[in-house]
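A closer look at the structure
Below are the chains, spelled out letter by letter.
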Amino acid sequence: MQQQKTFRHSVPASPQAAIPNSLGRALDLSSLTRRDDGSSGGGTPTAAAAVFDATDESFQTEVVEASRQVPIVLDFWAEWCQPCKQLSPLLEKLAAEAAGTWRLAKVDIEANPGLAGAFRIQSIPMVVAIAAAQPVDAFSGMVSEQQLRTWLSAVLEAAASVGVTGGGSQPQVQQPQVDERFLRATQAADAGEFDTAEQLFGQILAERPADDTATSGLAQVRLLRQVSELDADDVLLRAGAPESATASDLTPDTVATQCEAASLEFARGQVEPAFARLINVVRHTGGEERDRARSNLLDLFSILPAQDDRVRMARRNLSNVLF
C-alpha cells in the first residue's frame, strides 16, 4: 500500500545513531532533472569543494551525478530557522574535516521549493545523505556532534556498500562495527517481511534492552505493519481533525480509530498532529482506552530522537494531561 512506501527505517551504526525521519522509499532522484535553460542557479562547486550550495537547477548534476563518486549530505535550511544556525556550522566543520570523504550540499528551502517538495520537507533542519543517486539515510532536528559523527559513520558504510567511497585520503569519522542484524531487519521491512524484521530487532533487544536504535527500529516496523493494513482515506475521514474528538465521542471503537489515524499521520510525516490526536484521547478518556492511546504515543516517541523538539513538547503536554 502507499503508506508502506512513505516510511523507511535506515541502517544505524550504533544505539546512539540519530534516527532518520520518514523518508519516501519510492523517491526517484533521477526525476529531478536539471533544467535546460543554461542557468546553474548557484555556484558550481569544484571537485574539491567540501561545502557548496545546491539548487533546483543544479541538483541533477552537482548532487545526483556527483553522488555516484562521493556521498553527498544535503542540509535543508532557511534563514528564519534558529536550530539550522546551530546545526549547519557543525555540518560544515565535519565536512571540512572529512577531506573529500563526503561533501555537504546546502539547500535553502525558500529559494528552492522544487527540492523541498521532492524531499517532502515537513520541518527543518533536515539532513539527507545520498550515495549512488539514491537516499541512504536521513534525520531531522538538532543533534549533538557525537550523534552526528556516529550518523556519518553509518552513511559512509552504507555508501561503501554500494561502491561509493569518496575522494578523500582517509575518513575522519571512526567506523564502528555494525550489527548485521540491523541490515537484515531493514531489508526485511523494506520487503514487507514484518515478522522477520520484528524477530531480528527483538533478538537485539533481548541482548541489549537499552539499545535505543533497535527500540526505534522495532517501533517503526510495527508502525509499517499497521499502516500497510489500513484504508487510510476511510480511517482519517472517520477520525476527524486531530483534536476534535470529545469525551462523548470516544468509545473503545472510536479510540481505536483515533490511534490508527495518528499512526497514519506520523507515517506521512505529520508528527505534531499525530501527537496532538493521541494526547487529546488521553485527556478525554480513562482506563484501557487511555492506556492504549498513551502506549501508542510512547511508541511513536521512541522512533524519533529524544531531543527532537516535537517529542519534548509532546511529553510536556502529556504530563500536563496526566498530572
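Use the structure listed above.
Our subject in this report is the structure included herewith. The structure presented is a predicted model; accordingly, all values stated were derived computationally and were not measured.

Comments concerning the sheet that holds strand E5 (residues 134-140)
Ordered in space as E1-E3-E2-E4-E5, the 5 strands form an open sheet in which the pairing is mixed. In this open sheet, the two strands that pair with only one neighbour each are strand E1 (51-53) and E5. Strand-to-strand, the axes of this sheet are offset by a mean angle of 25 degrees, without reference to chain direction. Direction of pairing for strand E2 (residues 72-77) relative to strand E4 (residues 126-131): antiparallel, over a ladder of 5 bridges. Within E4, the residue paired with Phe76 across the bridge is Met126. Across the face of the sheet, helix H4 (residues 145-161) comes into contact with E2, E4 and E5 while running at roughly 170 degrees to E5.

Quick word on the packing of aromatic side chains
What the rule picks out here adds up to 6 aromatic pairs. A centroid spacing of 5.3 Å and a plane angle of 50 degrees characterise the contact between Phe76 and Phe119, whose relative ring orientation is tilted. Placement of Phe76 in strand E2 and of Phe119 in the loop between helix H3 (113-118) and E4 is noted, with a sequence separation of 43 residues between them. Take Phe76 and Phe119: they sit in the same class, and that class is buried.

Thoughts on the nonpolar core
In terms of nonpolar packing, the biggest core is built from 33 residues, with Leu223, Phe266, Phe275, Leu278, Leu297, Leu300 and Phe301 touching the most fellow members. At the level of secondary structure, the elements contributing two or more residues to this core comprise helix H7 (212-228), helix H8 (232-239), helix H9 (252-267), helix H10 (271-284), helix H11 (287-303) and helix H12 (309-322). When neighbours within four sequence positions are excluded, Leu297 is seen to be in contact with Phe275, Leu278, Ile279 and Leu318.

A closer look at the pairing of E5
In terms of residue burial, E5 counts as a mostly covered element, since 6 of its 7 residues are buried. The turn joining E4 and E5, which pair antiparallel and follow one another in sequence, is formed by 2 residues; a positive phi near 55 degrees is taken by Ala132.

Structural notes on the packing of H7 against H9
Direction vectors running N to C along H7 and H9 enclose 110 degrees, while the axes themselves pass 10 Å from each other. Our classification of the angle between H7 and H9 gives roughly perpendicular. Both H7 and H9 take part in a crossing whose hand is left-handed. The segment H7 lies against H9, with Leu223, Gln226 and Val227 engaging Cys259, Glu260, Ser263, Leu264, Phe266 and Ala267. Residue classes in the contact of H7 with H9 are distributed as 6 nonpolar, 2 polar and 1 charged.

Quick word on the pattern of salt bridges
This structure, assessed with the given rule, holds 17 salt bridges. Taking the shortest distance from any N to any O, the salt bridge between Glu92 and Lys106 comes out at 3.2 Å. With a gap of 14 residues between them, Glu92 in helix H2 (residues 82-97) and Lys106 in strand E3 (residues 103-108) connect regions that are remote in the sequence. On the basis of relative accessible area, Lys106 is assigned to the buried category, the value being 11%. Through salt bridges with shared partners, a single network forms among Lys93, Glu97, Glu145 and Arg149.

A closer look at the state of the cysteines
Evaluated as defined, the whole model comprises 1 disulfide. What pairs with Cys81 in a disulfide is Cys84, and their sulfur atoms sit 2.3 Å apart. Here Cys81 and Cys84 share a disulfide; its torsion about the S-S bond, 85 degrees, makes the bridge right-handed. Like Cys84, Cys81 is buried.

Conventions we followed
- Residues numbered from 1 in each chain as written.
- Predicted model: local features only at pLDDT ≥ 70, side-chain atom pairs only at ≥ 80, totals over all residues.
- Heavy atoms only, no water.
- Pairing = 2+ DSSP bridges.
- Helix = DSSP H or I, 4+ residues; strand = E, 2+ residues; numbered from the N terminus.
- Axes fitted to C-alpha atoms, helices over the stretch in contact; angles between N-to-C directions.
- Contact = heavy atoms within 4.5 Å.
- Phe/Tyr/Trp six-rings, centres within 6.5 Å; stacked < 30°, edge-to-face > 60°.
- Buried < 20%, exposed > 50% of the residue type's maximum accessible area, 1.4 Å probe, protein only.
- Core = buried A, V, L, I, M, F, W, Y, C linked by side-chain atoms within 4.5 Å.
- Parallel < 35°, antiparallel > 145°, perpendicular 65-115°, else oblique.
- Left-handed = near helix turned anticlockwise from the far one by under 90°.
- Nonpolar A, V, L, I, M, F, W, Y, C, P; charged D, E, K, R; others polar.
- Salt bridge = Lys/Arg side-chain N within 4 Å of Asp/Glu carboxyl O.
- Disulfide = S-S within 2.5 Å.

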